[in-house]
Amino acid sequence: MKVTTSVIVYPLKSGKGICQNVSKLLNTGFEYDRVVALINEENEVLTAREDSKLLNIDCEIKSKHIIFKVNQDSIDCDLNDIVEKTEVFLFGKNMEAYVLSPEINEWFSNYLNHSVRLVTFKPHQETSTFERSFVDEGAIHLVNESSISDLNNRLKNKSLIKDFRPNIVVSGFEAYEEDQWKKIKIGNQLFEVVSKCPRCSMTSIVSEGRIKKGELLKELAKYKRVENKVYFGIYLKPLNYSSIEEGDMVQILE
């Protein structure tokens, strides 16, 4: 049976993901996906490439609040508690963002042992949804369980689904079948396939302690390299704004 097995959002860029039974689609992707990010003193958006400790931060969504937690320490962040507007930089691009409360910034700075600030995008007052998100390239990232199983058969140290930081996980398909899709439907939600997903060092960082650094990318490069990039998974663009949930049927339209 061809179904969605997981729907995952990552409220904090490079933070831990949250599996959801139902997730709403917006023009930016899933609601609450990458709606906040940390910036350094140069206003550069931080990822786990710069500080792997971000991967240990749990998130819990409560309306317009996010509860951040590391071990037994937690803090409640009101996403409307905006202090000031600023310009931030993400992968060479500049964008307008809004700095959240000083208490939140102090909490994160103490945990990371260096000065950071938490930023978000200004919400639409009429719809209470967010204008943008801190995604890298495509709004939604999908992986196929069979493709991960095939990759693991080639690896000495196995990877986990979370290493790829997907938003949608599907099952019931042949390995790498997703590379040929152009348009799909999950439940009542239509998606266009925008591109294949280029992989980076994040897979090694997430898998630290289980996969020898670089092993996963080195193995993928043997059979998934196109020119100078290694691809795994696909990026999707929503064509309507419905919702999807775990267990939804997946149909390949093109």
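Everything below is about the structure shown above.
What you see is a predicted model; the values in this text were computed from it and never measured.

Asks: I keep staring at the pattern of salt bridges and nothing clicks. Help me out?
Replies: Opposite charge on two side chains allows them to pair when their charged atoms are near. Summed over the entire model, instances satisfying the criterion amount to 9 salt bridges. The shortest N-O distance in the salt bridge between R117 and E84 comes to 3.1 Å. Note that R117 is positioned in strand β11 (residues 117-120) and E84 in strand β9 (residues 82-90), a separation of 33 residues in sequence. On the basis of relative accessible area, R117 is assigned to the partly exposed category, the value being 25%.

Asks: Looking at this structure, I do not really get the nonpolar core. What am I missing?
Replies: Generally speaking, soluble globular proteins have nonpolar side chains that are buried together. The biggest cluster of nonpolar side chains holds 43 residues, and the ones touching the most others in it are F68, F108, L118 and I168. What F108 contacts, discounting residues up to four positions off in sequence, is L12, L38, I57, F68, V116 and L118. If you look at the next biggest cluster of nonpolar residues, it comprises 15 residues, including I8, Y10, L217 and A221.

Asks: Would you mind going over the packing of aromatic side chains with me for this structure?
Replies: Each pair of aromatic rings is reported with the distance of its centres and the angle of its planes. One pass over the full model with this rule turns up 7 aromatic pairs. Their ring planes at 65° and their centres at 4.8 Å tell us that F173 and W181 sit as a pair that is edge-to-face. Accessibility assignment for this pair places F173 and W181 in one class, buried. Considering the side-chain rings of Y176 and Y223, the 5.7 Å spacing of their centres and the 70° angle between planes classify their relative orientation as edge-to-face. Of the two residues, Y176 is situated in the loop between β13 (168-171) and β14 (183-186) and Y223 in the loop between α4 (215-221) and β16 (225-226); the sequence distance between them amounts to 47 residues. Cluster of aromatic residues (ring-pair linked, three or more members): F164, Y176, Y223 and F232. Over the ring of Y223 we find R154; its NZ or CZ atom is 3.8 Å from the centre of that ring.

Asks: Explain helix α1 (residues 102-112) to me, please; I cannot follow it from the model alone.
Replies: Because the α-helix completes a turn every 3.6 residues, residues three or four places apart line up on one side. Within the sequence span of α1, burial applies to I104, N105, W107, F108, S109, Y111 and L112. Check the buried side of α1 and you find it contacts β5 (36-39), β7 (65-70), β8 (73-78), β10 (93-100) and β11. Positive phi appears at N113, one or two residues downstream of α1, with a value of about 65°.

Asks: Quick question: what am I supposed to make of the side chain of D163 here?
Replies: Within the secondary structure, D163 sits in the loop between α2 (145-154) and β13. Its relative accessible area of 1% is what places D163 among the buried residues. One polar contact links the side chain of D163 to the main-chain amide nitrogen of L160, over a distance of 2.8 Å.

Each value, and the rule that gives it
Residues numbered from 1 in each chain as written. Predicted model: local features only at pLDDT ≥ 70, side-chain atom pairs only at ≥ 80, totals over all residues. Heavy atoms only, no water. Salt bridge = Lys/Arg side-chain N within 4 Å of Asp/Glu carboxyl O. Helix = DSSP H or I, 4+ residues; strand = E, 2+ residues; numbered from the N terminus. Buried < 20%, exposed > 50% of the residue type's maximum accessible area, 1.4 Å probe, protein only. Core = buried A, V, L, I, M, F, W, Y, C linked by side-chain atoms within 4.5 Å. Contact = heavy atoms within 4.5 Å. Phe/Tyr/Trp six-rings, centres within 6.5 Å; stacked < 30°, edge-to-face > 60°. Lys NZ or Arg CZ within 6 Å of the ring centre and 35° of its normal. Polar contact = N/O pair within 3.5 Å; in protein donor to acceptor, adjacent residues only side chain to side chain.

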